[in-house]
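Analysis of the macromolecular model
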Amino acid sequence: ALAEVPLQITSLSKRYGKSGDRYAVRDLSFRVERGQVLGLLGPNGAGKTTTLRMLMGLITPDGGEIRVFGHAIRPGAPVLSRVGAFVEGAGFLPHLSGRANLDLYWQATGRPAEDAHIDEALEIAGLGDALQRAVRTYSQGMRQRLAIAQAMLGMPDLLILDEPTNGLDPPQIREMRDVMIRYAAGGRTVIVSSHLLSEVEQSCTDLVVMDRGRLVQAGPVAEIIGSGDTLLVTVAGD
Ligand code: ATP
């Protein structure tokens, strides 16, 4: 059913500047199907963060429509429990364990404890044996994966990750890739932004490539990589 399409964006725009003449996002349309890991790719300033923040209901579009599982997204409206989001800079209490931090976070949502699936989230995040250790002993990659685990609490059907590989080294980037693949297994949907194709090409099934606010390419990863154009876009931005 159409209502079950995880994400459908139609002619989405966001403008900035005194007279609203600068577009951060311009006439953006795409659709994400169930089970896809969609990479939102583009150089710095392409409009990725602006797009994801509109999806999360954090900023208001100037035009267009966003539907998540058929529901129109509007800022101020309650966030669907079927959506989880990671944005940079989640804070944790360093002397508490990863598990205790997630427990506290979930309690603050007011949702039933049995809906959290904390152990499953930590397992998917590759933190199974670290969950009892204090967060201050975690590497940066582990902290980042704990933040992803936090976004996974409740096992949302759609997980939105804004640049989760930012600041990570290659082994940590590979671990993050495996986290996304594990999460999407079983029909869950992931949207992940990155400015480097090499960071997402092995975890994503599909790509939307943006440049200067506009969609420049969209489709299955293999098709886009085969075309060669993406490489120019992403290299130009780095
Ligand atoms: P990055 O990888 O650097 O985060 P991005 O693809 O996420 O880049 P955005 O952060 O969405 O890009 O920014 C898109 C454009 O919109 C940029 O030119 C940016 O300067 C502009 N922009 C974003 N937010 C604002 C704002 N609050 N005020 C003015 N301009 C903004």
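In case you missed it, the structure is sitting above this.
In this report, the structure presented in the accompanying data block is examined. These numbers were taken from a predicted model, which means no experiment stands behind them.

**Let's talk about the overall build of the protein**
Within the protein, the regular secondary structure consists of eight helices and ten strands. Taken over C-alpha atoms, the radius of gyration comes to 18 Å for the protein, in line with the 18 Å a tight globule of 238 residues would show. In terms of overall dimensions, the protein has a C-alpha envelope of 50 × 40 × 40 Å along the principal axes. Total accessible area on the protein stands at roughly 11200 Å², and carbon and sulfur atoms take up 50% of it. Placing the 24 positive and 27 negative side-chain charges of the protein at their respective mean positions leaves the two points 5 Å apart.

**Brief notes about the pattern of salt bridges**
Under the criterion given, the structure shown has nine salt bridges. For the salt bridge of Arg99 with Asp119, the shortest nitrogen-to-oxygen distance reads 2.8 Å. In this pair, Arg99 sits in helix 2 (residues 98–109) while Asp119 sits in helix 3 (residues 118–124), placing the two residues 20 residues apart along the sequence. The class for Arg99 is partly exposed, based on a relative accessible area of 21%. With relative accessibility at 46%, the residue Asp119 sits in the partly exposed group. Linking Asp178 and Arg177 is a salt bridge whose minimum nitrogen-to-oxygen distance equals 3.4 Å. Residue classification places Asp178 among the partly exposed positions, given a relative accessible area of 31%.

**Quick look at the packing of helix 2 against helix 4 (residues 140–152)**
Where helix 2 meets helix 4, the axes come as close as 10 Å, and the angle between the chain directions of the two elements is 35 degrees. With respect to the hand of their crossing, helix 2 and helix 4 are arranged in right-handed fashion. Every residue of helix 4 that contacts helix 2 at Gly98, Leu102 and Tyr105 is listed here: Leu146, Ala149 and Gln150. For the contact of helix 2 with helix 4, the residue count by class is four nonpolar, two polar and no charged.

The rules behind these values
Residues numbered from 1 in each chain as written. Predicted model: local features only at pLDDT ≥ 70, side-chain atom pairs only at ≥ 80, totals over all residues. Heavy atoms only, no water. Helix = DSSP H or I, 4+ residues; strand = E, 2+ residues; numbered from the N terminus. Rg over C-alpha atoms; globule rule 2.2 N^0.38 Å. Areas by Shrake-Rupley, 256 points an atom, 1.4 Å probe, with all protein chains shown as cover. Lys, Arg positive; Asp, Glu negative; His and termini not counted. Charge placed at Lys NZ, Arg CZ, Asp CG, Glu CD. Salt bridge = Lys/Arg side-chain N within 4 Å of Asp/Glu carboxyl O. Buried < 20%, exposed > 50% of the residue type's maximum accessible area, 1.4 Å probe, protein only. Axes fitted to C-alpha atoms, helices over the stretch in contact; angles between N-to-C directions. Left-handed = near helix turned anticlockwise from the far one by under 90°. Contact = heavy atoms within 4.5 Å. Nonpolar A, V, L, I, M, F, W, Y, C, P; charged D, E, K, R; others polar.

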